[in-house]
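A closer look at the structure
Take a look at the letters that make up each chain.
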Amino acid sequence: GRAPGRVRHERHVRERGFCGEIGRPQAGTLTHAGPPFRMSETPLQTGPAPLLGEHNAEVLTEELGHQQEDLTDLREGGVV
């Protein structure tokens, strides 16, 4: 068998575009395996996973109805 890290260098894997790259500020550019299938009418949307707490403000204000002042209190209290 072939080592998993070497598979991305195989010609047929590259030609089919199976592997992709995602850039992260903390980790640099990482190679990842793509989806095992493709659908012509549903294009794939890829991107990096969110960072821990990246969407806290959005969720707390838009989804849960908190005010901006609440976020300050939550941060100062060590809650978020």
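Refer to the structure printed above.
Below: a short report on this structure. Predicted, not measured: the structure shown is a model, and the values here were computed from it.

Description of the overall build of the chain
- Along the backbone of the chain there are 4 helices and 2 strands.
- Ordering the α and β elements of the chain from the N terminus gives α-α-β-β-α-α.
- Compactness check: the chain gives a C-alpha radius of gyration of 20 Å against a globular reference of 12 Å for 80 residues, more than 25% above the reference.
- Reported as C-alpha extents along the three principal axes, the dimensions of the chain are approximately 55 × 30 × 20 Å.
- When burial is assessed residue by residue, the chain has 9% of its 80 residues classed as buried.
- Partitioning the contacts of the chain with sequence separation of at least 6, the portion at a separation of at least 24 is 18%.
- As presented, the chain carries roughly 7000 Å² of accessible surface, and 51% of it is formed by carbon and sulfur atoms.
- Charged side chains in the chain number 9 positive and 12 negative. The centres of these two groups are separated by 24 Å.

Looking at the pattern of salt bridges
- Throughout the structure, instances matching the rule amount to 1 salt bridge.
- Arg11 is paired through a salt bridge with Glu15; the nearest N and O atoms lie 2.8 Å apart. Linking Arg11 with Glu15, this pair stays in helix H2 (residues 11-15), spanning 4 residues, or about one helical turn.
- We classify Arg11 as exposed; its relative accessible area is 58%.

Observations concerning the side chain of Arg24
- Inspection of the secondary structure assignment puts Arg24 in strand S1 (residues 19-24).
- As a buried residue without a salt bridge, Arg24 has its nearest oppositely charged side chain in Glu54, at a separation of 4.4 Å.
- Excluding residues within four positions of it along the chain, Arg24 makes contact with Pro48, Ala49, Leu51 and Glu54.

A closer look at the pairing of strand S2 (residues 28-33)
- As paired strands, S1 and S2 are joined by 6 bridges and run antiparallel to one another. Paired with Gly23 across the bridge in S2 is Thr29.

A word on the packing of helix H3 (residues 56-63) against helix H4 (residues 68-76)
- At a minimum axis distance of 10 Å, the contact between H3 and H4 shows a crossing angle of 135 degrees. By the angle between their axes, H3 is oblique relative to H4. Every pair of crossing elements has a handedness; the one defined by H3 and H4 is right-handed. Residue-level inspection shows Ala57, Leu60 and Thr61 of H3 in contact with H4, the latter providing Gln68, Leu71, Leu74 and Arg75.
- Looking at the contact of H3 with H4, its residues break down into 4 nonpolar, 2 polar and 1 charged.

Cut-off values and rules
Residues numbered from 1 in each chain as written. Predicted model: local features only at pLDDT ≥ 70, side-chain atom pairs only at ≥ 80, totals over all residues. Heavy atoms only, no water. Helix = DSSP H or I, 4+ residues; strand = E, 2+ residues; numbered from the N terminus. Rg over C-alpha atoms; globule rule 2.2 N^0.38 Å. Buried < 20%, exposed > 50% of the residue type's maximum accessible area, 1.4 Å probe, protein only. Contact = heavy atoms within 4.5 Å. Areas by Shrake-Rupley, 256 points an atom, 1.4 Å probe, with all protein chains shown as cover. Lys, Arg positive; Asp, Glu negative; His and termini not counted. Charge placed at Lys NZ, Arg CZ, Asp CG, Glu CD. Salt bridge = Lys/Arg side-chain N within 4 Å of Asp/Glu carboxyl O. Pairing = 2+ DSSP bridges. Axes fitted to C-alpha atoms, helices over the stretch in contact; angles between N-to-C directions. Parallel < 35°, antiparallel > 145°, perpendicular 65-115°, else oblique. Left-handed = near helix turned anticlockwise from the far one by under 90°. Nonpolar A, V, L, I, M, F, W, Y, C, P; charged D, E, K, R; others polar.

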